[in-house]
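So the chains spell out like this:
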Amino acid sequence: MGKENGKVVVLDFWASPYGMRTKIALREKGVEFEVQQEDLWNKSELLLKSNPVHKKVPVLIHGDIPISESLVQVQYIDETWTDAASFLPSDPQSRATARFWADFADKTISFEGGKNIWGNKKGEEQEKGKKEFLESLKVLEAELGDKTYFGGETFGYVDITLVPFYSWFYALEKCGDFSVEAECPKIVAWGKRCVERNSVAASLPESEKVYQQVLKLRQIFGVE
Amino acid sequence: MADEVILLDFWPSPFGVRARIALREKGVEFEYREENLRNKSPLLLQMNPVHKKIPVLIHNGKPVCESMNVVQYIDEAWSDKNPFLPSDPYQRAQARFWVHFIDTKLYEPADKIWSTKGEEQETAKKEYIKALKVLESELGDKPYFGGDNFGFVDIAMTGYYSWFEASEKCGNFSIEPECPTLMASAKRCLQRESVVNSLHDPEEIVAFAFKIRKIYCV
């Protein structure tokens with residue numbers, strides 16, 4: 001348990017921002033892993049058995065032990081593969097600050113939050129969704145400031161938490177008829193910097209593909 | 001240099017209580033400051049500008065916010081005794097998973113039990129019991145979620161345990177017949193010195209719950 005050796009598998013869905021966090025973390029640590037693509041409308045026995053409580057992706061399976069919840073997985077990866085740089089700073093105060101911002105990002109920039117934009121036709125509900133999304137993103141932008149990454153010079157826990165949603169910006173912009181760059185230029189610049197990292201480039205799908213997926217979801221949910 | 005530890009808190013808060021327990025488990029001397037949530041202090045607004053909520057731990061002038069984040073900070077800052085988290089990464093992951101479950105599955109139903117009535121309250125009661133049963137299944141035969149040791153998950157749950165009686169009275173139901181072993185663990189936790197010293201009498205919390213219920217639940 002918790003040993004570095006042992007096969008690593010990620011039960012995933014390619015468009016899931018949560019799965020992207022786990023893949024980025026594994027790649028940052030140079031860990032070899034396999035991805036098992038799940039059909040979320042027809043979940044595998046392995047997924048249902050490995051995450052009986054939530055039945056959701058991603059699930060990280062290390063050896064034969066499953067771990068659920070993306071941020072729990074990222075912390076597990078950080079604490080298991082300790083040769084590579086840590087995602088969190090070493091002093092307790094800075095760690096608490098990083099955890100606070102990751103928690104804020106996780107709660108405010110989310111799949112459900114995005115759905116308030118793409119899952120509604122143009123109108124009051126969608127405007128409300130856009131407003132909440134942009135308000136939260138601006139708070140994050142203020143925290144980022146002029147730093148290279150949320151962690152300063154080091155790509156870390158908060159960056160891993162938030163950057164998957166960078167691949168969803170285009171889809172949200174198209175559905176909501178707005179520009180993230182116009183509203184939060186520093187966030188977009190940060191996203192571009194992150195995507196230059198191999199771990200992020202390899203883990204984020206193309207924005208156009210995400211947009212096509214969102215259009216499919218809009219059809220399924222009966223949104224125009 | 002002596003440590004300066006201040007806790008901005010509100011006495012009935014199930015989240016504030018987690019921070020109090022954590023500090024006492026570590027034997028940390030701290031200054032407790034009661035906040036009036038209808039008239040928040042400038043210090044609270046300055047130290048938690050994002051959420052403006054309690055608890056806020058201020059350690060040598062630097063704030064830590066969000067209750068389980070505060071608990072984890074306390075564990076790391078005073079790491080010489082009573083670790084709240086195990087050392088093995090997998091077991092730590094399990095503890096974090098269950099704290100995430102507690103904070104996402106219990107919060108809304110618990111809130112709705114005291115603040116709503118009729119069908120909405122009935123639904124909330126069912127959801128609350130359902131989530132508690134999942135937790136009870138995870139607890140199994142262990143005295144605490146942490147095994148033999150009162151740990152991270154137990155601290156998280158004790159916030160909710162402190163409100164069990166208030167929830168039962170507001171919702172007119174009983175948790176023990178539904179979750180007997182969880183209740184046994186709850187009683188164990190509520191008897192710990194750090195917890196006893198961190199909580200007001202249950203009757204006071206019940207009275208508080210009914211007072212705010214009158215405001216929210218017309």
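Here the residue numbering is sequential within each chain, running from 1 through the sequence in written order. Written order determines the labels here, with chains lettered from A and ligands numbered from 1. Given that this is a predicted model, residues contribute local features only at a pLDDT of at least 70 and side-chain atom pairs are listed and counted only at 80 or more, while totals for whole chains, interfaces and linings are drawn from all residues. Excluded from the side-chain calculations are hydrogens and water; all other atoms, namely the structure's heavy atoms, are used.

Secondary structure elements are defined from DSSP: runs of H or I of at least 4 residues count as helices, runs of E of at least 2 residues count as strands, and each element is numbered from the N terminus. On a plain count of helices and strands, chain B comes out with 11 helices and four strands. A globule of 218 residues ought to have a C-alpha radius of gyration of about 17 Å, and chain B, at 17 Å, matches this closely. In terms of overall dimensions, chain B has C-alpha extents of about 55 × 45 × 30 Å along its principal axes. In chain B, which comprises 218 residues, the share counted as buried stands at 54%. Taking the contacts inside chain B whose residues are at least 6 apart along the sequence as the reference set, 68% of them involve residues at least 24 apart. Residue-level accessible areas treat just the shown protein chains as cover; the underlying method is Shrake-Rupley with a 1.4 Å probe. With an accessible surface of roughly 10,300 Å², chain B has 50% of that area assigned to carbon and sulfur atoms. The atom set for the radius of gyration is the C-alpha atoms, and the globule formula is 2.2 Å times the number of residues raised to the power 0.38. Exposure categories follow from relative accessible area, calculated using a 1.4 Å probe and restricted to protein chains: below 20% of the type maximum is buried, above 50% is exposed, and the middle band is partly exposed. Between two residues, a contact is recorded if the distance between any of their heavy atoms is within 4.5 Å.

Residue and element names in this part refer to chain B. Boundaries between domains were set according to an automatic or database domain assignment. With domains assigned, chain B is organised as domain 1 (5–77) and domain 2 (89–216). Using only C-alpha atoms to locate each centre, domain 1 and domain 2 end up separated by 20 Å. Each partner contributes to the interface: domain 1 provides 14 residues, whereas domain 2 provides 24 residues. Here the buried area means the combined drop in accessible surface, using a 1.4 Å probe, for two parts upon being joined, counting both sides. Taken together, both faces of the contact between domain 1 and domain 2 bury some 1,800 Å²; the carbon and sulfur share is 67%. Looking at the side of domain 1 facing domain 2, the largest losses of area belong to W11, R18 and I21, adding up to 32% of the total buried there. The working definition used for a salt bridge is a side-chain nitrogen of Lys or Arg within 4 Å of a carboxyl oxygen of Asp or Glu. On inspection of domain 1 and its partner domain 2, the count reaches two salt bridges.

In this section: the nonpolar core. Residues F133 and L140 of chain A together with Y128 and L132 of chain B are the most contacted members of the largest nonpolar core, which totals 146 residues. In contact with Y128 of chain B, other than residues within four places in its own chain, are L106, P109, A110, I113, Y160, F164, F173 and I175 of chain B. Among buried residues, those of type Ala, Val, Leu, Ile, Met, Phe, Trp, Tyr and Cys that are joined through side-chain atoms within 4.5 Å constitute a nonpolar core.

Bringing the interface of chain B and chain A into the picture now. On the chain A side, the residues contacting the 26 residues of chain B number 24 residues. Taking both sides of the interface into account, the surface hidden between chain B and chain A amounts to around 2,200 Å²; carbon and sulfur atoms contribute 63%. Of all residues in chain B, Y90, R96 and F97 of chain B bury the most surface against chain A, accounting for 27% of the area lost on that side. Linking chain B to chain A there are four salt bridges. Between E76 of chain B and R95 of chain A there is a salt bridge, with the nearest N and O atoms lying 2.8 Å from each other.

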